[in-house]
Amino acid sequence: MSVREFHLSTPREGMINITSQVGQAVRESGVTSGICVVFTPHTTAAITINENADPDVVRDFMLGMDDAFPQNRAFQHMEGNSHAHLKSSNVGCSETIIIENGRLLLGTWQGIWFCEFDGPRNRRFWVKIISDGGAGQ
Ligand code: ZN
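### Focus: a nonpolar patch on the surface
Then, in step 1: Side chains of I35, I98, L105 and I130 sit close together on the surface and give an oily, nonpolar patch of about 330 Å² of accessible area.
Then, in step 2: Mapped onto the elements of the fold, L105 is located in the loop between β6 (103-104) and β7 (110-116).
Then, in step 3: Accessibility expressed as a relative area gives 48% for L105, which makes it partly exposed.

Below, the structure is given as structure tokens:
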């Protein structure tokens, strides 16, 4: 099974809900039981799972990341975006989600988010779906 590639144009900073795109990739794969890996090949962006109901949660998430990883430190990296590299590694570049009955097995309030820490940029993420050969395959 192949890898699906998705493209995003991001703001300077922020979180983009990619749950529906990942869910559509699962449906189109026809896999009913297995795992789904969402991965981004960037060093100043990340993938995470968090609340998709109250938009204040992702705003607060980005605010909290600024507190945890302030921009104005004695960083030496010439590009001037070390804070974004730190955020990227802290959050992580991938998530793995269980597929059950042809659906992503997410909690009621969970969504899959692409995190931009150093935009605006053109970004990519990949979705790999692996069947476990369970019932319905
Ligand atoms: Zn850099």
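### A word on the pattern of salt bridges
Then, in step 1: A complete count under the given rule lists eight salt bridges for this structure.
Then, in step 2: Linking R59 and D56 is a salt bridge whose minimum nitrogen-to-oxygen distance equals 2.5 Å. Taken together, the residues R59 and D56, both in helix α2 (residues 55-68) and three residues apart, mark about one turn of the helix.
Then, in step 3: E79 is the salt-bridge partner of R121, the closest N and O atoms lying 3.5 Å from each other. With R121 in the loop between β7 and β8 (122-131) and E79 in the loop between α2 and α3 (82-91), this residue pair connects regions lying 42 residues apart in the sequence.
Then, in step 4: Here R121 falls in the partly exposed class, since its relative accessible area comes to 31%.
Then, in step 5: Within the structure, one salt-bridge network assembled from shared partners comprises E13, D66 and K87.

### Side note on the coordination of the zinc ion
Then, in step 1: Only H77 (NE2), E79 (OE), N81 (OD1) and H85 (NE2) from the protein reach the zinc ion as donors, at distances of 2.0 to 2.2 Å.
Then, in step 2: Its four donor atoms give the zinc ion angles of 89 to 145 degrees at the centre, a pattern that matches the irregular case.
Then, in step 3: Along the chain, the residues donating to the zinc ion are arranged with the sequence spacing H-x1-E-x1-N-x3-H.
Then, in step 4: Look at H85 and you get partly exposed, because its relative accessible area is 24%.

Cut-off values and rules
- Residues numbered from 1 in each chain as written.
- Predicted model: local features only at pLDDT ≥ 70, side-chain atom pairs only at ≥ 80, totals over all residues.
- Heavy atoms only, no water.
- Patch = residues over 30% accessible without salt bridge, like charges linked within 9 Å, V, L, I, M, F, W, Y side chains within 5 Å.
- Areas by Shrake-Rupley, 256 points an atom, 1.4 Å probe, with all protein chains shown as cover.
- Salt bridge = Lys/Arg side-chain N within 4 Å of Asp/Glu carboxyl O.
- Helix = DSSP H or I, 4+ residues; strand = E, 2+ residues; numbered from the N terminus.
- Buried < 20%, exposed > 50% of the residue type's maximum accessible area, 1.4 Å probe, protein only.
- Donors = N, O, S within 2.8 Å, 3.2 Å for Na, K, Ca; no water.
- Tetrahedral: all angles 85-135°; square planar, octahedral: opposite > 155°, others 65-115°.

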